[in-house]
Amino acid sequence: MKEKYPSIAFSGIGSVTATIIHALFQNSIPFKILCRNENRFQFLSENPIRFQGPRGQVVSIDLNGHLTNINHCKESFDYIFIGCKNQNLPEYLEETKTFLKPEGKWILIQNGIPEVHFETYQNKILGGVVGWNTQTLADGTYYQSNVGSLIIGGVSKPEPIWNQLLPPYIPVIRTDKIIGYRWHKLAINSIINGLAASKQLSLGQLFLSKNSRKDALETVTEIKSLMNHLKIEEQVVPGSFPIQKLGDGKGALPTWIRHLILILLGLKYYKIHTSMVQDLDYGRKTEIDYINGEVVKIANTEGIQVPKNEWIVLKVKELEKSK
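- As recorded in an unreviewed UniProt entry, the chain goes by 2-dehydropantoate 2-reductase and comes from Leptospira meyeri.
- The Sequence similarities (unreviewed entry) field of the UniProt record for the chain holds the comment "Belongs to the ketopantoate reductase family."
- Turning to the chain, the UniProt annotation filed under Catalytic activity (unreviewed entry) states: "(R)-pantoate + NADP(+) = 2-dehydropantoate + NADPH + H(+)".

Following this line, the structure appears as structure tokens:
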């Protein structure tokens, strides 16, 4: 008997969604891409996307048969992955809401904690925390540099079918504690994206500098304090490191070990320029308001001081203007 899979669509193709598309494609799981304009539709029809996994294998993914122009789409879906920047989420949700089945859900794979900005849609949203890094190379190939999980969840665990859709290419964790994972990833992104962008450095350049490592530890210490104030129970993304041990205060590892962890991270991903650094390189608006800026906004509401995160936000915005 043929397995019945949920209907899945994507609105917005970028490095993260390309990684998920690769896993579905390899597993022969049906999916659709909702193209927002005819030019994009034609380009993807004529140009297979190239994907290189962490083990070096390059796959060409022909999207013919998976494409539909959003203006002509007659289908509805159980799940729609939204692959856009945080600042564009309202537009994408409004544009795709008619394509959700009555019990269908959006899956938001953005950094930060995007779910909190859409309270009216809470029963229609699942969070998707991404544990891998994928970059677009100069020739247009999507390159996934590490194996990482997709942590998917909301107020209740998503259905078990997700354990069949993406593994072994993407391990899946279904959870009802998505907020703990969100805050953990927010803290990590505050340094590998926010801090790295403020200094315009690769991860190697960032973490092999003693002063930058001190900045990184101060940044996560502020977020650790805010999490503890909010009584957020941290959930650690597989392959990552607990903020409760990385930040100063109760539960922290000795300082020299924390520096060593960052040095090893810098050596492992020496040449990686994370997404916010790339945005500045290409003169694009960053998501700083939804990473360190989110920390600053919530901290101000709670009366918590986060000066290092405030400095990062100001510095990145200065760089945005200059570019």
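Don't stop here, the text continues.
1. What about the overall build of the chain?
Logical step 1: On a plain count of helices and strands, the chain comes out with 12 helices and 12 strands.
Logical step 2: A compact globule built from 323 residues would reach a C-alpha radius of gyration of about 20 Å, and the chain, at 20 Å, matches this within 12%.
Logical step 3: Considered along the principal axes of its C-alpha atoms, the chain spans approximately 55 × 40 × 40 Å.
Logical step 4: Counting over 323 residues, the chain shows a buried share of 52%.
Logical step 5: Put simply, 65% of the contacts in the chain that link residues at least 6 apart link residues at least 24 apart.
Logical step 6: Roughly 15000 Å² of accessible area belongs to the chain as shown, and the carbon and sulfur atoms make up 51% of that amount.
Logical step 7: Here the chain contributes 37 positive and 30 negative side-chain charges, whose respective centroids are spaced 5 Å apart.

2. Some details on the UniProt feature "domain: Ketopantoate reductase N-terminal" (unreviewed entry) in the chain
Logical step 1: In the numbering adopted here, UniProt assigns the feature "domain: Ketopantoate reductase N-terminal" (unreviewed entry) to residues 8-154.
Logical step 2: The straight-line gap between the two end C-alpha atoms of residues 8-154 is 18 Å; of that span, 20% is helix and 34% is strand.

3. Digging into the packing of aromatic side chains
Logical step 1: In total, this model carries 5 aromatic pairs according to the counting rule given.
Logical step 2: Clustering of aromatic rings is evident, with ring pairs tying together Phe10, Phe31, Tyr79, Phe81 and Trp162.

4. Let's talk about the pattern of salt bridges
Logical step 1: Across all of its chains, the model carries 13 salt bridges by this definition.
Logical step 2: Among the ionic pairs, glutamate 91 bridges to arginine 36, the shortest N-O distance being 2.5 Å. Of this pair, glutamate 91 sits in helix α3 (residues 89-96) while arginine 36 sits in the loop between β2 (32-35) and α2 (38-46); the two residues are 55 residues apart in sequence, bridging distant segments of the chain.
Logical step 3: The exposure class of glutamate 91 is partly exposed, given its relative accessible area of 43%.
Logical step 4: Across the salt bridge formed by arginine 182 and glutamate 115, the nearest N and O atoms sit 2.8 Å from each other. Of this pair, arginine 182 sits in helix α5 (residues 178-199) while glutamate 115 sits in the loop between β7 (100-108) and β8 (125-130), and the two are 67 residues apart along the sequence. Summarising the burial analysis for this pair, arginine 182 and glutamate 115 share the class buried.

5. Structural notes on unusual backbone geometry
Working note: non-glycine residues mostly have negative phi, and peptide bonds are mostly trans.
Logical step 1: In this chain, proline 167 is followed by proline 168 through a cis amide linkage whose omega measures 5 degrees.
Logical step 2: Mapped onto the secondary structure, proline 168 falls in the loop between α4 (162-165) and β12 (172-175).
Logical step 3: Its identity as a non-glycine residue notwithstanding, serine 28 has a phi of 55 degrees, on the positive side.
Logical step 4: Structurally, the position occupied by serine 28 is in the loop between α1 (15-26) and β2.
Logical step 5: Under the relative-accessibility criterion, serine 28 is labelled exposed at 62%.

6. Regarding the pairing of strand β1 (residues 8-11)
Logical step 1: Neither face of β1 is left uncovered, since the one carrying Ile8 and Phe10 and the one carrying Ala9 and Ser11 both have all their residues buried.
Logical step 2: With 4 bridges connecting them, β1 and strand β6 (residues 77-82) associate as parallel partners. Across the sheet, serine 11 pairs through a bridge with isoleucine 82, a residue of β6.
Logical step 3: Direction of pairing for β1 relative to β2: parallel, over a ladder of 2 bridges. Following the sheet pairing, phenylalanine 10 is matched in β2 by isoleucine 33.
Logical step 4: A crossover links β1 with its parallel partner β2, the connecting element being α1, and its sense is right-handed.

7. Considering the side chain of threonine 68
Logical step 1: Mapping threonine 68 onto the fold places it in strand β5 (residues 67-69).
Logical step 2: You can call threonine 68 buried: its relative accessible area is 12%.

8. Considerations on the sheet that holds strand β4 (residues 58-61)
Logical step 1: Strand order in this open sheet of 4 strands is β4-β3-β10-β9, and the pairing throughout is mixed. Across the chains shown, the open sheet's two edge strands, defined by having one partner strand only, are β4 and β9 (134-136). In this sheet, adjacent strand axes meet at a mean angle of 25 degrees when their direction is disregarded.
Logical step 2: As paired strands, strand β3 (residues 49-52) and strand β10 (residues 142-144) are joined by 2 bridges and run parallel to one another. Within the sheet, the bridge partner assigned to glutamine 52 lies in β10 and is tyrosine 143.
Logical step 3: Relative to the sheet, α1 contacts β3, β4, β9 and β10, its axis offset from that of β4 by approximately 85 degrees.

Cut-offs applied
- Residues numbered from 1 in each chain as written.
- Predicted model: local features only at pLDDT ≥ 70, side-chain atom pairs only at ≥ 80, totals over all residues.
- Heavy atoms only, no water.
- UniProt positions renumbered as here; feature names shortened; annotations may be inferred.
- Helix = DSSP H or I, 4+ residues; strand = E, 2+ residues; numbered from the N terminus.
- Rg over C-alpha atoms; globule rule 2.2 N^0.38 Å.
- Buried < 20%, exposed > 50% of the residue type's maximum accessible area, 1.4 Å probe, protein only.
- Contact = heavy atoms within 4.5 Å.
- Areas by Shrake-Rupley, 256 points an atom, 1.4 Å probe, with all protein chains shown as cover.
- Lys, Arg positive; Asp, Glu negative; His and termini not counted.
- Charge placed at Lys NZ, Arg CZ, Asp CG, Glu CD.
- Phe/Tyr/Trp six-rings, centres within 6.5 Å; stacked < 30°, edge-to-face > 60°.
- Salt bridge = Lys/Arg side-chain N within 4 Å of Asp/Glu carboxyl O.
- Pairing = 2+ DSSP bridges.
- Right-handed = clockwise from strand over helix to strand, strands pointing away.
- Axes fitted to C-alpha atoms, helices over the stretch in contact; angles between N-to-C directions.

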